[in-house]
Amino acid sequence: MTTQGSDGGATRGTARTGVASGGAWEAAHRESLEDPEAFWMRAARDVRWIRRPTSALDPAADAAEGSALPRWFRGATLSTAFNCLDRHVIAGRGEQPALVHHSAYTGERLTLTYAELLDHSARLAGTLRELGVGKGDRVVVYLPMVPEAVVAMLACARIGAVHSVVFGGFAAAELAARIDDAQPVVVLTASCGLEPTRVVEYMPLLEAALARAEHAPAHCVVLQRPQARAELVPGRDLDWREATRPGAAPPAECVEVAATDPLYVLHTSGTTGRPKGVVRDHGGHAVALTWSVPNLFGLEPGDVVLTASDVGWVVGHSYIVYGPLLAGCTTVLYEGKPVGTPDAGALWRAVAEHGASVLLTAPTAVRAIRAQDPDLALAAEHDLSSLQALYLAGERLDPDTWAWAGEHLGVPVVDNWWQTETGWPIACSPRGLQELPLRPGSPSVPSPGYDVRVLDSAGQEVPPGVEGALCLTLPLPPGTLAGVWGGDEVLRASSLDAHPGYYVTGDGGFVDDDGYVHVLGRTDDVISVAGHRLSAGQLEAAVVGHPDVAECAVIGVADPLKGQEPRALVVLAGGTTTSPQDVAAQVVQRVREEVGPFAALRRVDVVAALPKTRSGKLLRKTLREIADGVDAVVPSTIEDRSVLEDLRPVLRG
Ligand code: COA
Ligand code: AMP
């Protein structure tokens, strides 16, 4: 089966038995690991290159450069924007819808054809160029789910600028951290975003972020929306529509970039309080996503994809924007929630209205729909005959939700497991290659290119069915992270050093006898709230910033709707005169203002002390286990067991 290499890494290859053996998936997976050069060079033929790649991998060049991870398609050049837009227009598909904006808040619908999306992005690219943005320069995109968000990303790609999209739910401090990390020449933003109960004004958040940030962008281009208009700062700010009106600046042509040049930086929560900027390159990304859309999602050019996520997350980057457009599909940009905008039938309405073949969203969205429409009566009001499959990603899909959705919708419900770092599914039933039986609680088999191994704490592989750390042997496939913005030390420390030869995903789980992967949860302090990734450290940094808090622990506890929700335990500073109730309320508000409301910290308990090891490490895992009502393993290194015992009633309450 699998063997340990002399460097400690595993020998790549597959030996599968059972339901997944002997078909197209196994052949593709085997070849991708045993002969990645042949597999990915063939996949690369579906991308239009300016200078074609002569090899997929070049270990000697990687070693000479000292890059932490292998680089794909060195020496090749291309334009991602050309592959997303121009090539389809040149091929005579200019009149095909590329992007459909569906706002469940305003009722507005807007369709942009491939030719129109090309025109809009070329004009914005021209404006950016006039504002001094060149190849390799960064542009921060802080926009709600409006067509301009897609235009912005493609405009950056067009001129070789690196976009850094910040989710609209992040508050000023998180936006400031991303601005300081990316150091953008320009920020692209809007006057407001829409939420079910309020209009979220973006400019005050951006101003607060700029006041905190050390870096100052030269310009901000602001999309004025009618729900709230923003005051523009003369000299710094430009009105989006004026700045990009026809004739304002010469539209930009596609710029040739190296396959290894960065397309974007997307920050995610690591284990510390500081966001980690995942870097995606052009060449590997274009090849992997172009390959994944037909093979994993079973989609063809012209098919309609509805990915109900947000452009600020990796799911949005890959399957709202780049994947569907690279593959010549129509992508639906859904501005709204799965429930409450106005009802739990909103996503079915959008599927039916646009004829979507695939709906990709988070399990939380399905749980929210189920809570309000347990018999899925609202789906029956719509013609869902176009829907071929429901894909769910971003958090664990519990078997109950999986079974309910499959039974009521009558289409395959495809759990797929991946992360910001990988950019596309690590494990997913590859419906375009082969219909494999689906299993509750499992995102099925590893995608071609991914060699999933389960290691124990000593780095040894465990037998099928035994839990351990889910790791991927190196090299990771194309389209996965090229590195971390600002240096790879964080990446080495968090994901590579623990087990040489492997990338450690941070997830725990097992692989069963048939090679199906089962993901059970994070092994680190990452918290998943409604599929949104947050770190304990990030939330704790906001909590301890409160002047009356001496120390705190934030843990993610099980939540039937959102998967997990954060809870804070705080120890008050000596001599404080503020009441515990007031501190708790202020901490909740502080997290909204520092991290963002989507973090949804609602429960704060003031406690006498926090349990730690003798070396001072917080016992978050033990706290989480007690709160979740599972048998908590109390480390023998605990400093004072009575502290933990005192907390039990609080945690269980
Ligand atoms: N901008 C500003 N605020 C935002 C925001 C955004 N982009 N997204 C969320 N928020 C705010 C909400 O307005 C809300 O604020 P409030 O506390 O003042 O009401 C808070 O963050 C929490 O919002 P949300 O996460 O939407 O939770 P909810 O309880 O209002 O709704 C669900 C529950 C299930 C409908 C919602 O969590 C959901 O749509 N989940 C699916 C998640 C998803 O698609 N994830 C993608 C990962 S692939
Ligand atoms: P993000 O980087 O925000 O996409 O979050 C990635 C993390 O979400 C993963 O490391 C997992 O912990 C979790 N995750 C994503 N998809 C799944 C899935 N299908 N099953 C279980 N966990 C998942």
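Read on for an overview of the structure.

Conventions adopted
Residues numbered from 1 in each chain as written. Chains lettered and ligands numbered in written order. Predicted model: local features only at pLDDT ≥ 70, side-chain atom pairs only at ≥ 80, totals over all residues. Heavy atoms only, no water. Pairing = 2+ DSSP bridges. Helix = DSSP H or I, 4+ residues; strand = E, 2+ residues; numbered from the N terminus. Contact = heavy atoms within 4.5 Å. Axes fitted to C-alpha atoms, helices over the stretch in contact; angles between N-to-C directions. Near = heavy atom within 4 Å. Polar contact = N/O pair within 3.5 Å; in protein donor to acceptor, adjacent residues only side chain to side chain. Areas by Shrake-Rupley, 256 points an atom, 1.4 Å probe, with all protein chains shown as cover. Phe/Tyr/Trp six-rings, centres within 6.5 Å; stacked < 30°, edge-to-face > 60°. Buried < 20%, exposed > 50% of the residue type's maximum accessible area, 1.4 Å probe, protein only. Lys NZ or Arg CZ within 6 Å of the ring centre and 35° of its normal. Nonpolar A, V, L, I, M, F, W, Y, C, P; charged D, E, K, R; others polar. Left-handed = near helix turned anticlockwise from the far one by under 90°.

Here we take up the pairing of strand 8 (residues 192-195). With 4 bridges connecting them, strand 8 and strand 9 (residues 198-201) associate as antiparallel partners. The residue bridging Glu-195 from the neighbouring strand is Arg-198, located in strand 9. The hairpin turn running from strand 8 into strand 9, its antiparallel successor, is 2 residues long.

Spatially, 8 strands are ordered 4-3-16-15-17-18-19-20 in an open sheet, and the strand pairing comes out mixed. Bordering the open sheet on either side are strand 4 (109-113) and strand 20 (427-428), each of which pairs with just one other strand. In this sheet, strand 16 (residues 330-335) lies alongside strand 15 (residues 304-307) in parallel orientation, the contact comprising 3 bridges. In the sheet register, Val-305 faces strand 16, and the bridge partner there is Thr-331. Those strands touched by helix 5 (residues 114-130) are strand 3 (97-103) and strand 4, and its axis lies near 90 degrees from that of strand 4.

Once that is clear, we can look at the site of ligand 2. Every one of the 14 residues lining ligand 2 counts as a neighbour, but Asp-415, Thr-420, Asp-507, Arg-522 and Arg-533 are closest to it. Contacts to ligand 2 include Gln-419, whose side-chain N or O atom sits 3.0 Å from an oxygen atom. In the environment of ligand 2, an oxygen atom lies 2.6 Å from a nitrogen or oxygen atom belonging to the side chain of Thr-420. In isolation ligand 2 exposes 500 Å². Once the protein is present, 92% of that is buried. Of all elements in the fold, only strand 19 (413-417) and strand 25 (517-522) reach the threshold of two or more residues within the shell around ligand 2.

This paragraph deals with the packing of aromatic side chains. Enumeration over the complete set of coordinates arrives at 20 aromatic pairs. Centre to centre, the rings of Trp-49 and Phe-73 are 5.5 Å apart; their planes meet at 50 degrees, and the pair counts as tilted. Of this pair, Trp-49 sits in strand 1 (residues 49-51) while Phe-73 sits in the loop between helix 3 (59-65) and strand 2 (77-78), and the two are 24 residues apart along the sequence. Neither Trp-49 nor Phe-73 differs from the other in exposure class; each is buried. Ring centres of Phe-297 and Tyr-319 lie 4.6 Å apart, and the angle between their planes is 45 degrees; on these two criteria the pair is classed as tilted. With a gap of 22 residues between them, Phe-297 in helix 10 (residues 283-297) and Tyr-319 in helix 11 (residues 314-326) connect regions that are remote in the sequence. The exposure classification of Phe-297 matches that of Tyr-319, with both residues buried. Through successive ring pairs, a cluster of aromatic residues spans Phe-39, Trp-40, Trp-49, Trp-72, Phe-73, Trp-291, Trp-424 and Tyr-450. Taking the ring centre of Phe-170 as reference, the NZ or CZ of Arg-178 above it sits at 4.1 Å. The residue whose ring lies beneath Arg-439 is Tyr-516, and the NZ or CZ to ring-centre distance is 4.3 Å.

This part covers the site of ligand 1. In the region of ligand 1, 23 residues are neighbours, and Glu-195, Arg-198, Lys-337, Lys-562 and Arg-592 sit closest. Residue Lys-562 places a side-chain N or O atom 2.9 Å away from an oxygen atom belonging to ligand 1. Between ligand 1 and Phe-598, the relevant distance is 3.1 Å, taken from an oxygen atom to a main-chain nitrogen or oxygen of the residue. Considered on its own, ligand 1 offers 950 Å² of accessible surface; in the complex 82% of this is hidden by protein. At the level of elements, strand 9 and helix 13 (363-372) are the ones that each hand at least two residues to the shell around ligand 1. Of the residues that constitute the shell around ligand 1, the class distribution is 11 nonpolar, 6 polar and 6 charged.

Before going further, it helps to spend a moment on the packing of helix 5 against helix 6 (residues 147-159). Contact geometry for helix 5 and helix 6: axes closest at 8 Å, N-to-C directions at 65 degrees. In the packing of helix 5 onto helix 6, the handedness of the crossing is right-handed. For the pair helix 5 and helix 6, the contacting residues are Leu-117, Leu-118, His-120, Ser-121, Ala-122, Leu-124, Ala-125, Leu-128 and Arg-129 in the first and Val-151, Ala-152, Leu-154, Ala-155, Cys-156, Arg-158 and Ile-159 in the second. When the residues that make up the contact of helix 5 with helix 6 are grouped by side-chain class, the tally is 12 nonpolar, 2 polar and 2 charged.

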